[in-house]
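Examination of the molecular architecture
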Amino acid sequence: MARYGMAIDTTKCVGCMDCVVACKTENNVPEGLNRDWIQTIVNGEFPNLTMEIRSERCNHCTNAPCVSCCPTGASHYHDGGIVLVHHDLCTGCKACVASCPYDARFINPEGYADKCTFCVHRVEEGKDPACVSVCPTYCMTLGDLDDPNSEISKLVKSKNNHTNLPEAGTIPNIYYLIGDNND
Ligand code: SF4
Ligand code: SF4
């Protein structure tokens, strides 16, 4: 069984937001709401500053509080660990929205919890997610983290990286690459 994750190279991202627009178009995301977004983080102290520009979305966590707190089973793990929502089982109670430390979920105006799906409808056809496919700097890679020979596994092994809020205990599956191991 695969464990899908994403590696996002923050040294390549230019913050153009093509991924954000592609996601909205592909997934018909309602106006004023987003399944992915750009975060700019400045690290260090002047004059020794570094900046991360990164495309963020649901981390498809292995220990997802949004799944464990859902009272109806709507929020669930799909094949490959992709965290999805059964729209017909969702009551819109917002428990999952409150439980996510990454603010990755919102309630769709149609009444169900909504968020990034890793474009599972595309991935299951052998395509990349919309965000990955349009990125002009090729900074995003989706793949199987449990396959040591996958491109994503090699990237995570060869580059310095971190996940977002690992202290939350959610075991996120998005890795932000921050430079070569020898940087
Ligand atoms: S990032 Fe949030 S919505 Fe996504 S799986 Fe983790 S806890 Fe759930
Ligand atoms: S909003 Fe829907 S998916 Fe989220 S916890 Fe409530 S029933 Fe489950």
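Up top you'll find the structure we're talking about.
Description of the structure in this document. Keep in mind that this is a model prediction, so the values were computed, not measured. (Residues numbered from 1 in each chain as written. Chains lettered and ligands numbered in written order. Predicted model: local features only at pLDDT ≥ 70, side-chain atom pairs only at ≥ 80, totals over all residues. Heavy atoms only, no water.)

**Remarks on unusual backbone geometry**
Across the junction of Phe46 and Pro47, the peptide omega takes the value 5 degrees, indicating a cis bond. Checked against the element boundaries, Pro47 lands in the loop between strand E2 (36–45) and strand E3 (48–57). A positive phi is found at Lys94, a non-glycine position, where the angle reads about 75 degrees. Relative to the assigned elements, Lys94 resides in the loop between strand E5 (83–85) and helix H3 (95–99). Residues other than glycine seldom take positive phi values, yet Leu165 does so here, at roughly 50 degrees. Counting through the fold element by element, Leu165 comes out in the loop between strand E9 (159–162) and strand E10 (174–180). (Helix = DSSP H or I, 4+ residues; strand = E, 2+ residues; numbered from the N terminus.)

**Concerning the environment of Asp9**
Looking at where Asp9 falls in the secondary structure, it is placed in strand E1 (residues 4–9). In this structure Asp9 comes out as buried when scored by relative accessible area, which is 5%. Considering only alpha carbons, one finds Asp9 and Asn160, 151 residues apart in sequence, at a separation of 9.9 Å. A polar atom in the side chain of Asp9 sits 2.5 Å from the side chain of Thr11. (Buried < 20%, exposed > 50% of the residue type's maximum accessible area, 1.4 Å probe, protein only. Polar contact = N/O pair within 3.5 Å; in protein donor to acceptor, adjacent residues only side chain to side chain.)

**With respect to the site of ligand 1**
In the vicinity of ligand 1, the contacting residues are Cys58, Asn59, His60, Cys61, Ala64, Pro65, Cys66, Val83, Cys100, Tyr102, Arg105 and Lys115. Grouping the constituent residues of the shell around ligand 1 by class yields eight nonpolar, two polar and two charged. (Near = heavy atom within 4 Å. Nonpolar A, V, L, I, M, F, W, Y, C, P; charged D, E, K, R; others polar.)

**Regarding the site of ligand 2**
Taken together, 13 residues lie around ligand 2, and Cys70, Cys90, Cys93, Lys94 and Cys96 are the ones closest in. Taken together, the residues that form the shell around ligand 2 break down as eight nonpolar, four polar and one charged.

**A few points about empty space enclosed by the protein**
Applying the stated criterion to the full structure yields four cavities of 30 Å³ or more. Volume-wise, the largest cavity comes out at about 100 Å³. What lines the largest cavity is a set of 17 residues, among which Cys70, Ala74, Cys90, Cys93 and Cys96 lie closest to the centre. Estimated volume of the second largest cavity: approximately 90 Å³. Lining the second largest cavity are 13 residues, and of these Cys23, Asn27, Cys116, Cys119 and Cys131 sit closest to its centre. Elements supplying a minimum of two residues to the lining of the second largest cavity: helix H1 (18–27) and helix H5 (130–134). (1 Å grid on protein atoms, 1.4 Å probe; cavity = no way out; pocket = protein on both sides within 12 Å on 5 of 7 lines; lining within 4 Å. Points joined across faces, edges and corners; volume = space filled by probe spheres on them.)

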